[in-house]
Amino acid sequence: MNILVTGGAGFIGSNFIMYILNKYPGYKIINIDKLSYAADLSYLDSIKNNPNYKFYHSDISNRSQIEEIFREEDIQYIVNFAAESHVDRSIIDSTPFVVSNVLGTQVLLDLSLKYNIEIFLQVSTDEVYGHLELKEKKQFNELNKLDPRSPYSASKASADLIAMSYFSTHGLPVKITRCSNNFGPHQCKEKFIPTCINSVINNKKIPIYGDGQYVRDWLYVEDHCIAIDSVLHKGRMGEIYNIGANNEWANIDIAKYIIKLMGASDNLIEFVNDRPGHDRRYSIDTNKIFSELKWEAKYNFHDQMLKTIEWYKNI
């Protein structure tokens, strides 16, 4: 099986490539990445000479470049991780998010039709559902309406809708996953957990937006990779699957937890002005992926947080 992985130099994409090549040594991975600020090819150094791995430095919104890759490679599956994904950056300038996340996805969908791709898996986010108030007990399921509240989440929701329209209109074999917040080694330093860890390492203040009571569900990255593998091989066409760990933490509590694990002081916490349109809580129902595919998060949060901390200490 030949799998085209877009955004494969990013945090989740690179972990997925390593996971797939380890589990399916006969598979070939074609990795496309434009190598933006969040990319890091060093994690893939150990496989760069693997005959079943090939890297292309390219942008998915560049149709001519991407079509050349489609012509050269015999691709059966596409897993689309490629995306601008930093909410704060999308608030400052939404243009790169629309270009990569919407137009780039459209390019991939058009070429998937032309070259008869067998499965197109769109990797999305729980942020497309909007937010919940802290007092609400509900979770979002796959049938909830989309209510994105940032340019980033709006661009991802747009990509999801376009992808599903290709399934409905053209019969393109599309599947969509929507995951909660990921963490683990090799994550971009601008993300929240790496920011907390690196701040403690460097004895700097940890910036906490607003009152810090913004709740996210934290999922270890390899659990996410296992779930995508399951959806890719066993999920139904034209379906959406939520992927989460049912492991909800307020930002302030995550920061204090990391401080405690690293033997530092809560004095490192610094509350800063909130960002515009900050979603209060994300929470997704994962009953569908469990009931249909028997997937659930298996990694222990405490153990994987310690592993993540050690990785950042040693880089």
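Residues numbered from 1 in each chain as written. Predicted model: local features only at pLDDT ≥ 70, side-chain atom pairs only at ≥ 80, totals over all residues. Heavy atoms only, no water.

Examined against the element boundaries, serine 150 turns out to sit in the loop between strand E5 (119–125) and helix H5 (151–170). The exposure class assigned to serine 150 is buried, which follows from its relative accessible area of 10%. (Helix = DSSP H or I, 4+ residues; strand = E, 2+ residues; numbered from the N terminus. Buried < 20%, exposed > 50% of the residue type's maximum accessible area, 1.4 Å probe, protein only.)

Okay, the packing of aromatic side chains next. Centre-to-centre distance and the angle between the planes together describe a pair of aromatic rings. Applying the stated criterion across every chain yields a total of 12 aromatic pairs. Aromatic side chains tyrosine 257 and phenylalanine 301 sit 5.8 Å apart centroid to centroid with 15 degrees between the ring planes, which places their arrangement in the stacked category. Here tyrosine 257 is found in helix H8 (residues 251–261), whereas its partner phenylalanine 301 is found in helix H10 (residues 301–314), with 44 residues between them in sequence. Tyrosine 257 sits in the buried class, given a relative accessible area of 16%. One aromatic cluster is present, formed by Phe183, Tyr220, Trp249, Tyr257, Tyr299 and Phe301 through successive ring pairs. Residue placement shows arginine 216 over the ring face of tyrosine 282; its charged tip is 4.0 Å from the ring centre. Taking NZ or CZ as reference, lysine 288 lies 4.9 Å from the ring centre of tyrosine 241, over its face. (Phe/Tyr/Trp six-rings, centres within 6.5 Å; stacked < 30°, edge-to-face > 60°. Lys NZ or Arg CZ within 6 Å of the ring centre and 35° of its normal.)

Let us look at helix H4 (residues 95–114). With 20 residues, H4 ought to run about 28 Å at 1.5 Å a step, and its terminal C-alpha atoms sit 27 Å apart, in line with that. Where H4 bends most, at leucine 103, the angle is about 25 degrees. For H4, the set of buried residues is Phe97, Ser100, Asn101, Val102, Gly104, Thr105, Val107, Leu108, Leu109, Leu111 and Ser112. One or two residues past the end of H4 sits asparagine 116, with phi positive at roughly 55 degrees. (Expected span 1.5 Å × (residues − 1). Bend = angle between axes of the 7 residues up to and from the residue.)

Relative orientation and spacing of two packed helices are given, respectively, by the angle between their axes and the distance between those axes. At a minimum axis separation of 9 Å, helix H1 (residues 11–23) and helix H7 (residues 221–234) run at an interaxial angle of 60 degrees. Considering their axes alone, H1 and H7 lie oblique with respect to each other. For the crossing formed where H1 meets H7, the hand is right-handed. Contact with H1, carried on its side by Phe11, Ile12, Asn15, Phe16, Tyr19, Ile20 and Lys23, involves Val221, Glu222, His224, Cys225, Ile226, Ile228 and Asp229 of H7 and no other residues of that element. Looking at side-chain class alone, the contact of H1 with H7 contains nine nonpolar, two polar and three charged residues. (Axes fitted to C-alpha atoms, helices over the stretch in contact; angles between N-to-C directions. Parallel < 35°, antiparallel > 145°, perpendicular 65-115°, else oblique. Left-handed = near helix turned anticlockwise from the far one by under 90°. Contact = heavy atoms within 4.5 Å. Nonpolar A, V, L, I, M, F, W, Y, C, P; charged D, E, K, R; others polar.)

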